[in-house]
Amino acid sequence: TRRSSDLNKARIPRLKKSITGSLDYFKEKLYEYPYENLTYVDFNPGARGMELPRLVIMSLDKSRLRGKWGLPMAAIHETAHQWFYATIATNEAFEPWLDEGFASYVTDPAMKRIFGEAGMIDILGVRGSFTDLSALTVRLAKSLSPLAVASSHFHNDDYFLNVYVRSVAVIKTL
């Protein structure tokens, strides 16, 4: 059997491709990365990833980012926060849907550019991008909280559904 550290090392080439590819993609579609460096740290921040200006913290542990595309998608999403949070600033405590929504929205085209159709999400035979699946999830939701709500006012799964999923569907319709 392979040790966990060996499994994590095997994920590094795809992670590097995700990071360099997304930096190139966002430079082309948005504007040049404004800082001299960007550091990625392998540490479990208690979420899939955490961003700060010039710093991304995420775990290479396979259990945190399931599936073949979990780590690349998370890396691209966290890289997108270097634009949508770090430089195009929003108040993420009071309107988290803005930076998370835009970071999630630009993750799909970056994934497609870097990995092609192979990077599509496949859930029970239904293939689509995160944006496609977000729109479907919103349609199937039994109830929705208001979108523009402070982080501290969400309950249960409402935060993920509104901030990461519904926000993408809203942005896509703009």
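All residue numbers here refer to positions counted from 1 along the written sequence of the relevant chain. In view of the model being predicted, local features appear only for residues whose pLDDT reaches at least 70, and side-chain atom pairs are presented and counted only at 80 or more, with totals across whole chains, interfaces and linings using the full set of residues. Hydrogens and water molecules were not included; the side-chain quantities draw on all heavy atoms of the structure.

Here we take up the overall build of the chain. Helical segments are the DSSP runs of H or I of at least four residues, strand segments are the runs of E of at least two, and each set is numbered from the N terminus. Each helix and strand in the chain was counted, giving five helices and five strands. The order of helices and strands in the chain, counted from the N terminus, is α-β-β-β-α-α-β-β-α-α. Only protein chains enter the accessibility calculation, which uses a 1.4 Å probe; a residue whose area is less than 20% of its type maximum is buried, one above 50% is exposed, and one in between is partly exposed. A total of 174 residues make up the chain; the buried ones form 44% of that total. Taking as baseline every contact in the chain between residues at least 6 positions apart, the subset at least 24 positions apart corresponds to 59%. Residue contacts follow a heavy-atom distance rule, with two residues in contact if any of their heavy atoms lie within 4.5 Å.

Turning to the pattern of salt bridges, a few remarks are in order. The salt bridge criterion pairs a side-chain nitrogen of Lys or Arg with a carboxyl oxygen of Asp or Glu, the two atoms within 4 Å. Using the criterion set out here, one finds two salt bridges in the structure. In this structure, Glu 28 and Lys 29 form a salt bridge, with 3.7 Å as the shortest nitrogen-oxygen distance. Put simply, Glu 28, Lys 29 and Arg 113 are held in one network by salt bridges that share partners.

With that settled, consider a nonpolar patch on the surface. The patches described consist of residues with a relative accessible area above 30% and no salt bridge, like charges being joined within 9 Å and nonpolar side chains (Val, Leu, Ile, Met, Phe, Trp, Tyr) within 5 Å. Only the protein chains shown count as cover for residues, and all accessible areas are computed by the Shrake-Rupley method using a 1.4 Å probe. On the surface, Leu 30, Tyr 31 and Ile 88 cluster together into a nonpolar patch covering about 220 Å² of accessible area. Mapped onto the fold, Ile 88 is located in the loop between helix 2 (70-80) and helix 3 (96-115). Ile 88 gets classed as partly exposed once you look at its relative accessible area, which sits at 35%.

Another point: the packing of helix 2 against helix 3. One way to put it is that helix 2 packs onto helix 3 with a least axis distance of 8 Å and a crossing angle of 125°. When the axis of helix 2 is compared with that of helix 3, the two are oblique. Classified by chirality, the crossing of helix 3 by helix 2 is right-handed. From helix 2, Pro 72, Met 73, Ile 76, His 77 and Ala 80 reach across to helix 3, where they touch Glu 100, Ala 103, Ser 104, Val 106, Thr 107, Ala 110, Met 111, Ile 114 and Phe 115. When the residues that make up the contact of helix 2 with helix 3 are grouped by side-chain class, the tally is 10 nonpolar, three polar and one charged. Axis definition: a line fitted to C-alpha atoms, over the contacting stretch in the case of helices. Angles run 0 to 180 degrees between N-to-C directions. In this scheme, roughly parallel covers angles under 35 degrees and roughly antiparallel covers those over 145, while 65 to 115 is roughly perpendicular and the rest are oblique. Each crossing gets its hand from how the near helix is turned against the far one by less than a right angle, where anticlockwise is left-handed and clockwise is right-handed. When residue character is reported, Ala, Val, Leu, Ile, Met, Phe, Trp, Tyr, Cys and Pro are called nonpolar, Asp, Glu, Lys and Arg charged, and the others, Gly included, polar.

Of all 11 residues in helix 2, 11 are buried; the element is thus mostly enclosed. Where helix 2 is concerned, the buried positions are Gly 70, Leu 71, Pro 72, Met 73, Ala 74, Ala 75, Ile 76, His 77, Glu 78, Thr 79 and Ala 80.

Aromatic contacts are taken between Phe, Tyr and Trp rings whose centres are within 6.5 Å, Trp giving its six-membered ring; a plane angle under 30 degrees counts as stacked, one over 60 as edge-to-face, and the others as tilted. Tallied over the entire structure, the rule returns six aromatic pairs. Pairwise contacts between aromatic rings join Tyr 25, Phe 26, Tyr 31, Tyr 33, Tyr 35 and Trp 83 into one cluster.

With that out of the way, let us pick up the sheet that holds strand 2 (residues 50-52). Note on pairing: two strands pair once DSSP finds at least 2 bridges between them. Taken in spatial order, the three strands line up as 1-3-2 in an open sheet, and their pairing is mixed. Here the strands that pair on one side only, and so sit at the sheet edges, are strand 1 (39-42) and strand 2. Going from strand to strand, the sheet's axes swing by 15° on average, the running direction of each strand aside. Of the pairings in the sheet, the one linking strand 1 to strand 3 (residues 55-58) comprises four bridges and is parallel in character. From the neighbouring strand, Tyr 40 faces strand 3, where its bridge partner is Val 56.

Turning our attention to the nonpolar core. Here, nonpolar core refers to any group of buried Ala, Val, Leu, Ile, Met, Phe, Trp, Tyr and Cys residues whose side-chain atoms link them within 4.5 Å. With 30 residues, the main nonpolar core has Leu 15, Phe 26, Met 58, Ile 76, Met 111 and Phe 115 as its most contacted residues. For this core, the elements supplying multiple residues, two or more each, are helix 1 (4-29), strand 3, helix 2, helix 3, helix 4 (130-140) and helix 5 (158-173). With residues up to four places along the chain from it excluded, the contact list for Phe 26 reads Tyr 31, Ile 76, Thr 79, Ala 80, Trp 83, Val 106 and Ala 110.

What follows concerns helix 3. Each residue after the first adds 1.5 Å to the expected span of a helix. Helix length check: helix 3 (20 residues) gives 28 Å between terminal C-alpha atoms against 28 Å at 1.5 Å per residue, within 8%. Counting buried positions along helix 3 gives 15 out of 20 residues, so the element sits mostly inside the fold. Positive backbone phi, at 70°, marks Gly 116, one or two positions downstream of helix 3.

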